[in-house]
Amino acid sequence: MFRLPKGTPLFEDIATCDLQLDAVVTKLAHGCFTGYASMTFQSAVGIMVFESGKLVSLVFENNRGVRLSSFEAMAALAEQMLADTSGKLHVYRLSGDLTMCIHALLQGEARYRAQELGLIDIKTLLERVKSEQMNCCLRIYTGDRSSMIFYKEGAPLGFFHDGSQEIETSPGDSQELTQDPTAKLDLYSTVSADELMAHDLLDIINVANVWKTAVSRQQSKG
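For the structure given in this document, a descriptive report is provided here. Nothing here was measured: the structure is a model prediction, and the numbers come from that model.

## With respect to the pattern of salt bridges
Once their charged atoms are close, side chains differing in charge can pair, the charge on each being opposite to the other.
Turning to step 1, where the next piece is worked out: Tallying each qualifying case throughout the model produces eight salt bridges.
Turning to step 2, where the next piece is worked out: Glu61 is the partner of Arg67 in a salt bridge, and the nearest nitrogen-oxygen pair spans 3.6 Å.
Turning to step 3, where the next piece is worked out: One salt bridge in this structure joins Lys152 and Asp97, with 3.2 Å as the shortest N-O distance. Residue Lys152 is found in strand 9 (residues 146-152), and its partner Asp97 is found in helix 3 (residues 96-107); the two are separated by 55 residues along the sequence.
Turning to step 4, where the next piece is worked out: Under the relative-accessibility criterion, Lys152 is labelled partly exposed at 32%.
Turning to step 5, where the next piece is worked out: Residue classification places Asp97 among the partly exposed residues on the basis of a relative accessible area of 23%.
Turning to step 6, where the next piece is worked out: Several salt bridges share partner residues, and in doing so they unite Glu109, Arg111, Arg128 and Glu132 into one network.

Right, dumping it as structure tokens:
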């Protein structure tokens with residue numbers, strides 16, 4: 001799972017074994033939260049992305065590379081919270097524009113994936129991002145370093161580099177990485193923030209029932 005910019009922390013390092021998933025989701029939804037909540041475990045991570053209280057993206061990934069989304073991700077996250085006492089909750093507020101870009105990175109359309117940078121005319125690609133007014137995330141990386149550039153309607157919003165906590169205005173490592181012959185590139189695009197707002201996973205996922213079912217399953221194992 002990619003490391004994400006933290007934005008403004010609302011909560012960090014809260015033990016998930018003391019929480020109920022439906023209560024966490026309800027609090028963020030009713031608070032019209034914009035940003036993301038991550039639950040990190042020794043063997044997995046779950047990320048919920050909110051836009052004005054609407055759950056617009058949800059992914060769960062374990063260390064075996066299994067990746068789930070939507071209802072399956074919510075069910076897996078509930079099971080993980082109950083089975084793994086190592087979990088920590090982190091909640092970070094972001095602007096709506098950056099939340100849209102996080103959605104692109106996690107579940108957007110893959111325009112390029114693991115493309116060798118040396119085979120791409122990066123200037124032409126950036127002109128395409130601008131001309132098509134893409135909402136997207138461009139990720140440039142090697143085996144041990146990465147840098148991300150977020151775009152709204154073809155204009156760069158900012159840069160996020162390894163070692164940084166927040167979005168920056170300077171290209172920094174991204175320019176240096178483009179010169180590395182081993183570098184690769186991913187480009188993920190998504191719809192506008194307004195279009196994202198038209199979809200709320202909480203309209204189709206009953207989180208209270210998901211949590212209740214997970215609790216019952218856990219108790220039956222005991």
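## Side note on the packing of aromatic side chains
Turning to step 1, where the next piece is worked out: On inspection of all chains with the given rule, the structure shows two aromatic pairs.
Turning to step 2, where the next piece is worked out: Consider the rings of Phe33 and Phe50, whose centres lie 6.0 Å apart with planes at 65 degrees: the pair is edge-to-face. In this pair, Phe33 is assigned in the loop between helix 1 (21-30) and strand 2 (35-40) and Phe50 in strand 3 (residues 44-51), connecting sequence segments 17 residues apart.
Turning to step 3, where the next piece is worked out: On the basis of relative accessible area, Phe33 is assigned to the buried category, the value being 2%.
Turning to step 4, where the next piece is worked out: Taking the centre distance of 5.5 Å and the plane angle of 50 degrees together, the rings of Tyr36 and Tyr92 count as tilted. Within this pair, whereas Tyr36 is found in strand 2, its partner Tyr92 is found in strand 6 (residues 88-93), the two being separated by 56 residues in sequence. Accessibility classification places Tyr36 together with Tyr92 in one group, the buried group.
Turning to step 5, where the next piece is worked out: Sitting over the face of the ring of Tyr141, Arg139 holds its NZ or CZ atom 4.0 Å from the ring centroid.

Rules used in this analysis
- Throughout, a residue's number is its position along its own chain's written sequence, starting from 1.
- With pLDDT at 70 or above as the cut-off, local features in this predicted model cover only qualifying residues; side-chain atom pairs require 80 or more to be listed or tallied, and sums for whole chains, interfaces and linings still use all residues.
- As a rule here, side-chain values cover all heavy atoms of the structure and leave hydrogens and water aside.
- Criterion for a salt bridge: a side-chain nitrogen of Lys or Arg within 4 Å of a carboxyl oxygen of Asp or Glu.
- Numbering of helices and strands starts at the N terminus; helices are DSSP runs of H or I of at least 4 residues and strands are runs of E of at least 2.
- Throughout, exposure labels follow a simple rule: accessible area from a 1.4 Å probe, protein chains only, divided by the maximum for the residue type, with under 20% read as buried, over 50% as exposed, and the rest as partly exposed.
- In summary, the pairing rule links any two rings of Phe, Tyr or Trp, Trp by its six-membered ring, whose centres are within 6.5 Å, and it sorts them by plane angle into stacked for under 30 degrees, edge-to-face for over 60 and tilted for everything else.
- The rule is short: NZ of Lys or CZ of Arg within 6 Å of the ring centre and within 35 degrees of the ring normal puts a charge over the ring.

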